[in-house]
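One letter stands for each residue in the lines below.
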Amino acid sequence: MARQDALQGSLPLLVLTLLARRGPLHGYAIASQIEAMSEETLRVEEGSLYPALHRMEEAGWIKARWVVTDRNRRARQYEITIVGRRQLHVEESRWRAITAAVGHVLKHA
């Protein structure tokens, strides 16, 4: 399985979890941390990440603002909102249900 295929459907959960636990991050940091924390099993492509961030911002789950980085570059920094924290619980519950169902099939197949 390609590394990015494992990410399908779990990107909002991963992004919201990172922002809830690590605080505001820019897109590159989000992608880098997901890759590093998954021991390079998961890779977030720009073509997936930025549209997902935009959808989450439109839904009110995250908010974005422009900041100047340590390297004196402008970057959009993302932060989870109160609505996003509620959605994080929904996403976590959905993920638990999916992984339990997959586990059940693997055990009983």
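Residues numbered from 1 in each chain as written. Predicted model: local features only at pLDDT ≥ 70, side-chain atom pairs only at ≥ 80, totals over all residues. Heavy atoms only, no water.

Here we look at the layout of surface pockets
Piece 1. One number sums up the size of the largest pocket: a volume of about 360 Å³.
Piece 2. In this structure, the largest pocket is lined by 15 residues; those nearest its centre are His26, Tyr28, Thr69, Arg73 and Ala75.
Piece 3. Among the secondary structure elements, those contributing two or more residues to the lining of the largest pocket are helix 2 (27-37), strand 2 (62-68) and strand 3 (74-80).
Piece 4. Counting residues per element, the lining of the largest pocket draws most heavily on strand 3, which supplies 5 residues.
Piece 5. Within the lining of the largest pocket, the residues separate by chemical class into 6 nonpolar, 4 polar and 5 charged.
Piece 6. By volume, the second largest pocket amounts to about 280 Å³.
Piece 7. Only helix 1 (11-22) and helix 2 provide two or more residues apiece to the lining of the second largest pocket.
Piece 8. Among the elements that take part in the lining of the second largest pocket, helix 1 stands out by supplying 6 residues, more than any other.
Piece 9. Here the residues of the lining of the second largest pocket sort into 8 nonpolar, 4 polar and 2 charged. (1 Å grid on protein atoms, 1.4 Å probe; cavity = no way out; pocket = protein on both sides within 12 Å on 5 of 7 lines; lining within 4 Å. Points joined across faces, edges and corners; volume = space filled by probe spheres on them. Helix = DSSP H or I, 4+ residues; strand = E, 2+ residues; numbered from the N terminus. Nonpolar A, V, L, I, M, F, W, Y, C, P; charged D, E, K, R; others polar.)

With respect to the pairing of strand 3
Piece 1. The sheet contact formed by strand 1 (residues 25-26) and strand 3 spans 2 bridges and is antiparallel. Across the sheet, residue Leu25 finds its bridge partner in strand 3, namely Tyr78. (Pairing = 2+ DSSP bridges.)

Observations concerning unusual backbone geometry
Piece 1. Despite not being glycine, Glu39 shows a phi value in the positive range, around 55 degrees.
Piece 2. Relative to the helices and strands, Glu39 resides in the loop between helix 2 and helix 3 (46-58).
Piece 3. The backbone phi angle of Glu40 is positive, close to 65 degrees, even though this residue is not glycine.

Things to note about the environment of Glu58
Piece 1. With respect to the element layout, Glu58 can be found in helix 3.
Piece 2. With 45 residues separating them along the chain, Glu58 and Gly103 place their C-alpha atoms 34 Å apart.

Points about the nonpolar core
Piece 1. Among the nonpolar cores identified, the biggest contains 22 residues, and Val15, Leu19, Ile30, Leu53 and Met56 are the most heavily contacted of them.
Piece 2. At the level of secondary structure, the elements contributing two or more residues to this core comprise helix 1, helix 2, helix 3 and strand 3.
Piece 3. In terms of residue count, the dominant contributor to this core is helix 1 (6 residues).
Piece 4. Residues within four places of Leu53 in sequence aside, it is in contact with Val15, Gly27, Ile30, Ile62 and Tyr78. (Core = buried A, V, L, I, M, F, W, Y, C linked by side-chain atoms within 4.5 Å. Buried < 20%, exposed > 50% of the residue type's maximum accessible area, 1.4 Å probe, protein only. Contact = heavy atoms within 4.5 Å.)

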